[in-house]
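# Inside the fold
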Amino acid sequence: MVHSCCVVDCTARWGPDKKFFRIPSEKDSEKRKKWLRAIRRLNLDAPKKDWIPAASDRVCEAHFVHGVPNRDPQHPDYVPHIKMGYYGSQNLKAKEKAIQRYFESL
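Now for a look at the structure at hand. (Residues numbered from 1 in each chain as written. Predicted model: local features only at pLDDT ≥ 70, side-chain atom pairs only at ≥ 80, totals over all residues. Heavy atoms only, no water.)

In this section: the packing of aromatic side chains. Here a ring pair, both rings aromatic, is described through the centre-centre distance and the interplanar angle of the planes. Applying the stated criterion across every chain yields a total of two aromatic pairs. Considering the side-chain rings of tryptophan 35 and phenylalanine 64, the 5.6 Å spacing of their centres and the 50° angle between planes classify their relative orientation as tilted. Taken as a pair, tryptophan 35 in helix H1 (residues 29-39) and phenylalanine 64 in the loop between strand E2 (58-60) and helix H2 (92-104) lie far apart in primary sequence, 29 residues in all. Three or more aromatic residues joined by ring pairs make a cluster, and in this case those are Phe21, Trp35 and Phe64. (Phe/Tyr/Trp six-rings, centres within 6.5 Å; stacked < 30°, edge-to-face > 60°. Helix = DSSP H or I, 4+ residues; strand = E, 2+ residues; numbered from the N terminus.)

Printed below as a string of C-alpha cells:
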C-alpha cells in the first residue's frame, strides 16, 4: 500500500527518503486527541461528526520541527504542527522558540 500524508493540502507520498508516522492509537487517548485536533480534518461523509482516521492514515515528517514525533508531552514535536493545511499553522518562529525554551528547561 502506498502511504500518503493525511494532513490537508499535504502532497507527500511514501518514498525511500520520506518518513511517515501513525496517528496514536486509542490506547493513548490524550495524545490521539491532540493529534486529531492538530490535523483538523473534516468528515465529508458526516459533517457534524468528527473525522475518524483509518488504520492506514499517516502524518509525514514535514509536520514536525525535527522530522519525527517526540514522546515527551512538553516537547514541541509531541504533536504535529507545521504546515497543517490551514491558516496559522505556519508560525515556525514561535515553534523554534518553543523548542529553545524546552531545551533550556532541561
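Now that the structure is up, let's keep going.
Every buried residue belonging to H1 is among Lys31, Arg32, Trp35, Ala38 and Ile39, and all of these are buried. Across the axial projection of H1, the buried residues extend over an arc of 125°, all falling on one side. Following H1 by one or two positions, arginine 40 adopts a phi angle in the positive range, close to 50°. (Buried < 20%, exposed > 50% of the residue type's maximum accessible area, 1.4 Å probe, protein only. Arc of directions from axis to C-beta.)

This paragraph deals with the pattern of salt bridges. Going through the model one piece at a time under the given rule, you end up with one salt bridge. For the salt bridge of lysine 33 with glutamate 30, the shortest nitrogen-to-oxygen distance reads 3.7 Å. A residue pair is termed a helical-turn pair when its members lie 3 or 4 positions apart in one helix, as lysine 33 and glutamate 30 do in helix H1 at three residues. By relative accessible area, lysine 33 is classed as partly exposed at 45%. (Salt bridge = Lys/Arg side-chain N within 4 Å of Asp/Glu carboxyl O.)

Bringing the nonpolar core into the picture now. If you look at the biggest cluster of nonpolar residues, it comprises 17 residues, and the most contacted ones within it are Cys5, Cys6, Ile23, Trp35, Ile39 and Val59. Breaking this core down by element, the ones donating at least two residues are strand E1 (20-22), H1 and E2. If one sorts the elements of this core by residue count, H1 sits on top with three residues. Beyond its immediate stretch of four places on either side in the chain, cysteine 6 contacts Ile23, Ile39, Arg41, Trp51, Asp57, Arg58 and Val59. (Core = buried A, V, L, I, M, F, W, Y, C linked by side-chain atoms within 4.5 Å. Contact = heavy atoms within 4.5 Å.)

Quantified by volume, the largest pocket comes out at close to 260 Å³. Along its surface, the largest pocket is lined by Lys33, Leu36, Arg37, Arg40, Arg41, Leu42, Asn43, Pro47, Lys49, Asp50, Trp51 and Ile52. Split by residue class, the lining of the largest pocket holds five nonpolar, one polar and six charged. (1 Å grid on protein atoms, 1.4 Å probe; cavity = no way out; pocket = protein on both sides within 12 Å on 5 of 7 lines; lining within 4 Å. Points joined across faces, edges and corners; volume = space filled by probe spheres on them. Nonpolar A, V, L, I, M, F, W, Y, C, P; charged D, E, K, R; others polar.)

Moving on to the environment of valine 68. Tracing the backbone shows valine 68 in the loop between E2 and H2. For the pair valine 68 and tyrosine 78, spaced 10 residues apart in the sequence, the C-alpha separation amounts to 8.9 Å. Not counting residues up to four positions away in its chain, the partners in contact with valine 68 are Lys19, Phe21 and Asp77.

What follows is about the side chain of histidine 81. Mapped onto the secondary structure, histidine 81 falls in the loop between E2 and H2. A polar contact is formed between the side chain of histidine 81 and the backbone oxygen of proline 76, at a distance of 3.0 Å. (Polar contact = N/O pair within 3.5 Å; in protein donor to acceptor, adjacent residues only side chain to side chain.)

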